[in-house]
2 protein chains.
Amino acid sequence: VRAIVGVAARYRIPIVPRGAGSGLSGGAAAIEGCVVISLERMNQFLEFDPRDRIVHVQPGVINADVTDAVRSDGLWYPPDPASSAFSTIGGNIATNAGGLCCVKYGVTADYVMGLEVVLADGSVVVTGRRTVKGVAGLNLTGLFVGSEGTLGIITSARLKLRPRPAPAGTIVAFFPSTAAAGRAIFGLTAARVEPALLEIMDHTTLTAVDDWKRMDLDRDAAVLLLAQSDVSGSGRAEEIIAMSRVFTEAGATYVAETLDDEEGEQLLAARRLAYPALERLGAAMLDDVAVPRSRLPDLLAAIPVIADDRGVLVGMFGQAGDGNMHPTIVFDRNDDESYRAAGLAFDDIVTCALKLGGTATGEHGVGLLKHRFLERELGAAAVGLQRAVKRTFDPLGILNPGKAV
Amino acid sequence: VRAIVGVAARYRIPIVPRGAGSGLSGGAAAIEGCVVISLERMNQFLEFDPRDRIVHVQPGVINADVTDAVRSDGLWYPPDPASSAFSTIGGNIATNAGGLCCVKYGVTADYVMGLEVVLADGSVVVTGRRTVKGVAGLNLTGLFVGSEGTLGIITSARLKLRPRPAPAGTIVAFFPSTAAAGRAIFGLTAARVEPALLEIMDHTTLTAVDDWKRMDLDRDAAVLLLAQSDVSGSGRAEEIIAMSRVFTEAGATYVAETLDDEEGEQLLAARRLAYPALERLGAAMLDDVAVPRSRLPDLLAAIPVIADDRGVLVGMFGQAGDGNMHPTIVFDRNDDESYRAAGLAFDDIVTCALKLGGTATGEHGVGLLKHRFLERELGAAAVGLQRAVKRTFDPLGILNPGKAV
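Overview of the structure. (Residues numbered from 1 in each chain as written. Chains lettered and ligands numbered in written order. Predicted model: local features only at pLDDT ≥ 70, side-chain atom pairs only at ≥ 80, totals over all residues. Heavy atoms only, no water.)

Some words on the overall build of chain A
Scanning chain A from terminus to terminus reveals 14 helices and 19 strands. Taking 405 residues into account, the globule formula puts the C-alpha radius of gyration at 22 Å, and chain A, at 22 Å, falls close to it. Taken along its principal axes, the extent of the C-alpha atoms in chain A is 65 × 55 × 35 Å. Here chain A holds 405 residues, and the buried ones make up 60% of them. (Helix = DSSP H or I, 4+ residues; strand = E, 2+ residues; numbered from the N terminus. Rg over C-alpha atoms; globule rule 2.2 N^0.38 Å. Buried < 20%, exposed > 50% of the residue type's maximum accessible area, 1.4 Å probe, protein only.)

Right, dumping it as structure tokens:
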């Protein structure tokens, strides 16, 4: 990597670092005249220390392989993007990937203890530490996480592990209105319940899933909520009961629960099919906005209005617990008018999220796709400061130019 | 703040931002010819949103006042440095303060969602967001946290809150050797127990406390461990029982436990008295090193050797769960030789921690006190990159010069 970057720096050739290429915002997409550095084959485990709960890996290691490698020691690497079976740790770090368990366990940034990075001049820097706590010097590790390859190329990462939680109990509930679902979500906060997973699907999405797989979902429901508890011991059953009570009091029309791991996976199946079910209906444009939890009902209410206004179908699903939603616009790939309408709906959704105090991207990254919203979200001063930092790290502008910042 | 910084920039006058002045590494100490900007009276709550679990405060708000302000809504601001009754949020953020509950709940950095910062040219930047997740742009918030006033002056902070956990159950155990205590600490990991607090005191410290307060501590013990569980429901009692079993199997000579909140506070009293008890014996020099958990027994074993070698008394206490130790060197203030020996022991301890793969500062900050260890810990490349970032933010070098970076 040093050698390639050295040559690229000498001839001012743009470099695009790339893991599995599974990113959803175009961060790893090649640009005119660039060199793509694929990190896919740098996939070695460098160290695993179960006592210190640390694993040190090269960037091309697949996310799920980390979890598999540490399982027999009772440990776990929590960040679980939907792409965990094929996305790489390097890409996860570059985009600060999230996932379903973030609501309780945080995002990729919370699990990166240190990095080895090749800088724009071909030199190498090692950041971070081996200790849980430590405040010596500026937090360079945190700056590289989520920088989408614009500040340097990650060549290894030291990751923090956690004890593997107990098998989860699962609860699924149908609600007659978005307002009722909103009450349920806030009811959990008020009851001090902290679900290990809290997913939401709207009527359009659950109908699409049921049309496809005939899962006996309640097709009259406006919203489906799915939650899990992984508290140890008897606390798990208690937490599931508490969630059931909150959902019922909020007006759920149907609630099902299980403490069995496998049955729980079956209940989760509907959620896992959300995107492919929508994709069956046409070409799909997947968005990734997040709003403050309190504004989630507003976003839920706005989506059908936008869909109607632009004449497209929008299904919504996502992480109700942290307000990160994935409105998915279904359009006709062979119809230019439909494609244009989908693009307008996409922008409307981002604009709506920003108006609600939200962000243009909750976990997928800025890449090329969200670049035009950056200044509107962050303000000119913050974007200016970010670009100054970018210039400090990459004065020639050869690292993934035109992306992220 | 903008006006003062503007004038200081024009005349190139160094600025030292200061909260309560309770820092332990000299980060807020005045330097020759500087202007000290005290943020103490910027102590307003700007916003509290219990639904989004966010509080927005000025930098002079006292740490404990945040916790008090949100308590009636069932919420909690976890970072709890020992100075929580008098240190300010601004100072906590500047040093990325830790505390006793970090072992389960993380440090200050984990709770800062966004900042308003006056930059070195007198302009203002707002960083971060209102959403739980969000990956738009570089993580400037995380860069300011822990930068000890060298990149800008924090004028407000948006903090993340958590549901207040259940009242804790508490367990205290005495061990005949550091090896037995080490087995106990790792036994918790192996048993997948995640204590909400896990504190350690060595023989010197517990004897000093008992000499002072006659608390019937086991004066023959080499090590005292204190742990808490705040899991909800019946899980708490189960976790306390699991810890008790681990401690007994590791060779504890005495174990006491309680599920009662007040009794738990009484058991914790010995730990809270650790530093003042050592301070009674002479002048005290408080260190703050952290080592990987697995090397904690090595550090525990090395301290008496260093103390003996330098002819000083060293008492050790700290966060066993995350390897952050506070070896406290007791010396005679009126004896130059004793003061010199204490300084040498202080350096020996830091050097030992670094050799064990640790850090010179786990939570107190670099300030002036640890500046000379920075390059040895981080390497020349990382320090060089940090200084480049510092120059980008502060080209005139007027923000807290000579500190942290």
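Things to note about the interface of chain B and chain A
Note: interface size is frequently given as the accessible area lost on complex formation between the parts. Between chain B and chain A, the residue contacts involve 77 residues of the former and 77 residues of the latter. Here chain B packs against chain A, burying approximately 6100 Å² in sum over the two surfaces, 59% of which is carbon and sulfur. For the chain B face of the interface with chain A, the top three residues by lost area are Lys133, Val135 and Leu138 of chain B, together amounting to 15%. The tally of links from chain B across to chain A stands at 24 residue pairs in polar contact (both at pLDDT 80 or more). For the side of chain B that touches chain A, the secondary-structure elements that each account for two or more residues are strand 7 (124–128), helix 5 (140–144), strand 9 (162–163), helix 6 (178–190), helix 8 (235–249), helix 13 (374–378) and helix 14 (380–393) of chain B. Here the side of chain B that touches chain A takes eight residues from helix 14 of chain B, the largest share from any one element. In the side of chain B that touches chain A, the residues fall into 31 nonpolar, 30 polar and 16 charged. (Contact = heavy atoms within 4.5 Å. Buried area = accessible area lost by both parts, 1.4 Å probe. Polar contact = N/O pair within 3.5 Å; in protein donor to acceptor, adjacent residues only side chain to side chain. Nonpolar A, V, L, I, M, F, W, Y, C, P; charged D, E, K, R; others polar.)

Here's the deal with empty space enclosed by the protein
All names here are of chain A. In the structure shown here, the tally under the stated rule is one cavity of 30 Å³ or more. A volume near 40 Å³ is recorded for the largest cavity. Lining the largest cavity, in full, are Leu24, Ser25, Leu286, Asp288, Thr361, His364, Gly365, Leu369 and Lys370. When grouped by side-chain class, the residues that make up the lining of the largest cavity number three nonpolar, four polar and two charged. (1 Å grid on protein atoms, 1.4 Å probe; cavity = no way out; pocket = protein on both sides within 12 Å on 5 of 7 lines; lining within 4 Å. Points joined across faces, edges and corners; volume = space filled by probe spheres on them.)

Re a negative patch on the surface
A cluster of acidic side chains, namely Asp260, Asp261, Glu262 and Glu263 of chain A, defines a negative patch on the protein surface. Relative to the elements of secondary structure, Glu262 of chain A occurs in helix 9 (residues 261–272). (Patch = residues over 30% accessible without salt bridge, like charges linked within 9 Å, V, L, I, M, F, W, Y side chains within 5 Å. Areas by Shrake-Rupley, 256 points an atom, 1.4 Å probe, with all protein chains shown as cover. Salt bridge = Lys/Arg side-chain N within 4 Å of Asp/Glu carboxyl O. Lys, Arg positive; Asp, Glu negative; His and termini not counted. Charge placed at Lys NZ, Arg CZ, Asp CG, Glu CD.)

With respect to the packing of aromatic side chains
As enumerated under the stated definition, the model contains 12 aromatic pairs over all chains in all. Pairing Phe175 of chain A with Phe247 of chain A gives two aromatic rings, centres 5.8 Å apart and planes at 80°, and the pair type is edge-to-face. On the criterion of sequence distance, the pair formed by Phe175 of chain A in strand 10 (residues 169–175) and Phe247 of chain A in helix 8 (residues 235–249) is long-range, its members being 72 residues apart. Its end group placed over the ring of Trp212 of chain A, Lys213 of chain A keeps NZ or CZ at 4.5 Å from the ring centre. Here the basic side chain of Arg51 of chain B rests over the ring of Phe186 of chain A, its NZ or CZ set 4.0 Å away from the ring centre. (Phe/Tyr/Trp six-rings, centres within 6.5 Å; stacked < 30°, edge-to-face > 60°. Lys NZ or Arg CZ within 6 Å of the ring centre and 35° of its normal.)

Some words on the state of the cysteines
Scanning all chains against the criterion turns up zero disulfides over all chains. Considering cysteine sulfurs only, Cys102 of chain A is the nearest to Cys101 of chain A, which forms no disulfide, with 5.6 Å between them. (Disulfide = S-S within 2.5 Å.)

With respect to the relation of the copies chain B and chain A
With an RMSD of 0.0 Å, the fit of chain B onto chain A corresponds to turning through 180° and sliding 0.0 Å along the axis. The operation mapping one copy onto its partner corresponds to a two-fold rotation axis. Within chain B, the C-alpha atom positioned nearest to the axis of rotation is that of Gly235 of chain B, 2.5 Å from it. (Least-squares fit on C-alpha atoms with pLDDT ≥ 70 in both.)

A word on unusual backbone geometry
Phi at Asn96 of chain A takes a positive value of approximately 50°, unusual for a residue other than glycine. Positionally, Asn96 of chain A belongs in the loop between helix 3 (89–95) and helix 4 (102–105). Here Asn96 of chain A falls in the buried class, since its relative accessible area comes to 13%. Positive phi is not limited to glycine here, since Asp216 of chain B has a value of about 60°. Position of Asp216 of chain B relative to the elements: it lies in the loop between helix 7 (203–213) and strand 12 (223–229). Assessed through its relative accessible area of 74%, Asp216 of chain B is described here as exposed.

Points about the packing of helix 6 of chain B against helix 8 of chain B
Helix-helix packing is described using two parameters, namely the angle between the two axes and the distance between the axes. Residues and elements named next belong to chain B. The contact between helix 6 and helix 8 brings their axes to 8 Å, and the two run at 140°. The angle between helix 6 and helix 8 places the two elements in the oblique class. Considering how the two elements wind past one another, helix 6 and helix 8 form a crossing that is right-handed. For the pair formed by helix 6 and helix 8, the contact residues are Ala184, Gly187 and Leu188 on the first element and Met243, Val246 and Phe247 on the second. The residue inventory of the contact of helix 6 with helix 8, partitioned by class, reads five nonpolar, one polar and no charged. (Axes fitted to C-alpha atoms, helices over the stretch in contact; angles between N-to-C directions. Parallel < 35°, antiparallel > 145°, perpendicular 65-115°, else oblique. Left-handed = near helix turned anticlockwise from the far one by under 90°.)

A short note on the pairing of strand 10 of chain A
All names here are of chain A. In terms of burial, strand 10 is largely enclosed, as seven of its seven residues are buried. Burial along strand 10 is two-sided: the face carrying Gly169, Ile171, Ala173 and Phe175 and the face carrying Thr170, Val172 and Phe174 are both buried. Sheet topology note: the strand 10/strand 12 (residues 223–229) ladder contains seven bridges and is antiparallel. Along strand 12, the bridge assignment pairs Phe175 with Val223. One ladder, built from five bridges, connects strand 10 with strand 13 (residues 254–258); its direction is antiparallel. Across the sheet, residue Thr170 finds its bridge partner in strand 13, namely Thr258. (Pairing = 2+ DSSP bridges.)

Re the sheet that holds strand 3 (residues 45–49) of chain A
Residues and elements named next belong to chain A. As summarised here, the arrangement of the five strands in space is 3-4-8-6-7, forming an open sheet in which the pairing is antiparallel. One side of each edge strand has no neighbouring strand; the edge strands of this open sheet are strand 3 and strand 7 (124–128). Put simply, the sheet's adjacent strands are angled 10° from each other on average, direction ignored. One ladder, built from four bridges, connects strand 4 (residues 54–57) with strand 8 (residues 153–160); its direction is antiparallel. Pairing of Val55 across the sheet is with Leu159, part of strand 8. Its contacts with the sheet place helix 2 (residues 63–71) against strand 3 and strand 4, and it is angled at close to 40° to strand 3.

As for the sheet that holds strand 14 (residues 283–286) of chain B
Residue and element names in this part refer to chain B. Strand order in the open sheet formed by three strands is 14-19-16, with antiparallel pairing between adjacent strands. Among the strands making up the open sheet, the edge pair consists of strand 14 and strand 16 (313–315). For this sheet, the mean inter-axis angle between neighbouring strands, taken without regard to orientation, is 30°. For strand 16 and strand 19 (residues 328–331), the ladder comprises three bridges, and the chain directions are antiparallel. The residue bridging Leu313 from the neighbouring strand is Val330, located in strand 19.

What to know about the pattern of salt bridges
Residues and elements named next belong to chain A. Evaluation of the coordinates by the stated rule reveals 36 salt bridges over all chains. The partner of Asp52 in a salt bridge is Arg130, and the shortest N-O contact between them spans 3.8 Å. Linking Asp52 in the loop between strand 3 and strand 4 with Arg130 in the loop between strand 7 and helix 5 (140–144), this pair joins segments that are 78 residues apart in sequence. One network of salt bridges, in which partners are shared, links Glu47, Asp49, Asp52 and Arg130.

Focus: the side chain of Asp287 of chain A
All names here are of chain A. Mapping Asp287 onto the fold places it in the loop between strand 14 (283–286) and strand 15 (289–290). For Asp287, the side chain forms a polar contact with the side chain of Lys370, separated by 2.9 Å. Residues contacting Asp287, with those up to four places away along its chain left out, are Met325, His326, Pro327, Phe346, Ile349, Val350, Ala360, His364 and Lys370.

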